[in-house]
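Inside the fold
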Amino acid sequence: MDGKGEHTDTTIMVVDDAATGRYALSAVLHRAGHRVVPVASAGEALVELDARLREGVLPDVALVDVGLPDMSGFELCRRVKARPTTAALPVVHFSAAAVGPDDRCRGLDAGGEAYLAMPAEPEEIQAVVRAAVCRSRRRTGAETLVRRLTLLSEATVAVQAARGPWELAEAAAEGAARLTAGPAAVFVVGPDDELYRGTSRQRGGLASPDAAAHAAVARLIAGLTKGPDQVHTAVVPAPLWPAGFFRAGADDAHLVLARTRPGGTPVCVATPAHRAPDIDTLFPRPASAAPDPAGDTPLTGLAPHGAPAGEGLLTGLTSAGTGQAFGTLVTRLAQVTALAAEPLLMYQAERRVARTLQHSFLPRPGDLSLPGMEIVVRYVPACPRAEIGGDFYAALATGAGVLTAVGDVAGHSLDAATVMVEIRHALRAYCVEDSDPGGLAARLDRMLQRHHPDVTATVCLVLISPDSGRALIANAGHIPPLVVPEEGGAAYARADGPLLGLGLERPPPTELYLRPADRLLMITDGLIETRGTDLTASMDSLLGAAAAAPPGVGALCDTLLGHFGHDREDDIAMMALRLADQGPVLG
């Protein structure tokens, strides 16, 4: 067997200063079906390799004479192997003079794959070239697989770290783009058919897809999800794929849709069709293996002339063959994304319920108008991607004065919001009989131990007499109130105590007197707490910012929100108050 036709797509560079040698080798290789690039020196070989690198078409093998005039073939091999861009190029040394064992060892030490003693039989030359090409391709295929699997692993980590469906779609799109070295888009369909989209950064300055493009994609996904299969692939012809995701009308769209179960959350990964990496090209299927029944389904001729993108596709999609999709890395990424999507969407639904519950029980600003007090409250929900908290605040008129409270239930869930509501209701009920802050803190502590033994909470309670300015403060693990005189300066009240829910002994309330111009500030830690920053340092920053704030309770709150309240990871509750000389003023 001469091997002709087995590697007819290979290109062989022959480096020999003798014209007759170049001709003889070229003739042998041409007869075997190879393309030949003859060069006469090591310098010419390096120039040729640089030119081919720029074009992205390196030869498959280099046959190098060891006795070149400008440098030895061994040195040329060392230089080729030392460059990362050409290190994988197989080099076969040959010589009619240097044919001893030492010469063969020098060739191997220089990085060469084989050594030919010339003259050699054509069959031997062809066999050595075939072996070098096969080894190189196997090595390149393995390296490509490792690189792609590494990219898939990195994308999986990013997907699993996502904190919401938008962030999930963006992470998956970026992972798909890195896998395919091109643009990508990912769509996650929520339980109410809400479409969460992520697009990769590799979009070449395309304008963002409009509402019509999203509607077209939603119709495509709806068609693909009508069957029972958990994975499906399809190719949408370029004229039918909506603009904005890839180059308009230029690339067919390769869609991979995955669900964890029939009826589960659909995740669709879209890439240009020619970019989808098929793992079977790295691990070829045996010739005897049956063809995959669920290869790409081409959706051609499904839309009437002039119809909007995606129109008319549903009939074709539902009648297309479905089943287990072919084994691509993009498919694996789609499945990983689908696995991560369902708990995120469930959490988002729970978060929406918790947020609604929390806000429905927090008093509106108008509810805080109390006799003898000027009260301002500011409440800022956390940024949309942050978790729900258990922050609460209250201002209640009692027989002994005005009771104010700011607190936070530990945890970020529907349970935390529910416990927050219970604490607020318990506080309102308890203060009807006894408004002493110390007694109230003790009763709330016992209530948590009895009904929620695994829950803790922080709260600061302040009972103020509008007539005398006397303030009693009971603090249960919360940031203490800040007293800010109108003339400047600020100081924290010396009030502390253990968290609610621990059953620990509580110190007596702290007593202080507010002057008419003094402002009392109560906050939740969402205003100043930052991951990686010591809370004491943040409290010191708050102290300085409050001391420099302009006069007025509203100005104090707005100044601190402007200074600290950007893109916070927790809700912010602030209450500022002072004694009022006249009727209540609400800021």
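Conventions we followed
Residues numbered from 1 in each chain as written. Predicted model: local features only at pLDDT ≥ 70, side-chain atom pairs only at ≥ 80, totals over all residues. Heavy atoms only, no water. Salt bridge = Lys/Arg side-chain N within 4 Å of Asp/Glu carboxyl O. Helix = DSSP H or I, 4+ residues; strand = E, 2+ residues; numbered from the N terminus. Buried < 20%, exposed > 50% of the residue type's maximum accessible area, 1.4 Å probe, protein only. Pairing = 2+ DSSP bridges. Axes fitted to C-alpha atoms, helices over the stretch in contact; angles between N-to-C directions. Contact = heavy atoms within 4.5 Å. Core = buried A, V, L, I, M, F, W, Y, C linked by side-chain atoms within 4.5 Å.

Some points on the pattern of salt bridges
One pass over the structure, following the stated rule, counts 11 salt bridges. When the shortest N-O distance is used, the salt bridge between Asp50 and Arg83 registers 2.3 Å. With Asp50 in helix 2 (residues 42–55) and Arg83 in the loop between helix 3 (73–82) and strand 4 (91–95), this pair connects stretches of sequence that are 33 residues apart. By relative accessible area, Arg83 is classed as partly exposed at 24%. Linking Arg79 and Glu75 is a salt bridge whose minimum nitrogen-to-oxygen distance equals 3.3 Å. Highlighted residues: Arg79 and Glu75, both in helix 3, separated by 4 residues, approximately one helical turn. Each of Glu75, Arg78 and Arg79 takes part in one network of salt bridges that share partners.

Regarding the sheet that holds strand 20 (residues 572–579)
The 5 strands are arranged 11-20-19-16-17 in an open sheet whose pairing can be described as antiparallel. If you trace the sheet from one side to the other, it starts and ends with strand 11 (373–380) and strand 17 (491–492), each paired once. Direction of pairing for strand 11 relative to strand 20: antiparallel, over a ladder of 8 bridges. In the strand pairing of strand 20, Tyr379 is matched with Ala573.

Here's the deal with the sheet that holds strand 2 (residues 35–39)
Pairing within the open sheet is parallel, and its 5 strands lie in the order 2-1-3-4-5. Each edge of the sheet is formed by a strand with only one pairing partner; in this case those strands are strand 2 and strand 5 (114–117). Each strand axis lies, on average, 20° off the axis of its neighbour in the sheet, ignoring direction. Note: strand 4 against strand 5, 4 bridges, orientation parallel. Across the sheet, His93 pairs through a bridge with Tyr115, a residue of strand 5. Here helix 1 (residues 19–31) sits on the sheet and contacts strand 1 (11–15), strand 2, strand 3 (61–65) and strand 4; the angle it forms with strand 2, its principal contact strand, is near 170°.

A word on the side chain of Asp518
Looking at the element boundaries, Asp518 is found in the loop between strand 18 (510–513) and strand 19 (519–523). In this structure Asp518 touches Val483, Val484, Pro485, Tyr513, Leu577 and Arg578, once residues within four positions along its chain are discounted.

A few points about the nonpolar core
With 29 residues, the main nonpolar core has Val159, Leu168, Val186, Val188 and Leu333 as its most contacted residues. Those elements that place two or more of their residues in this core are helix 5 (122–160), helix 6 (165–180), strand 6 (185–189), strand 9 (253–258), strand 10 (267–272) and helix 9 (329–361). Of all hydrophobic cores here, the second largest spans 27 residues; its members include Val409, Met420, Leu440 and Ala457.

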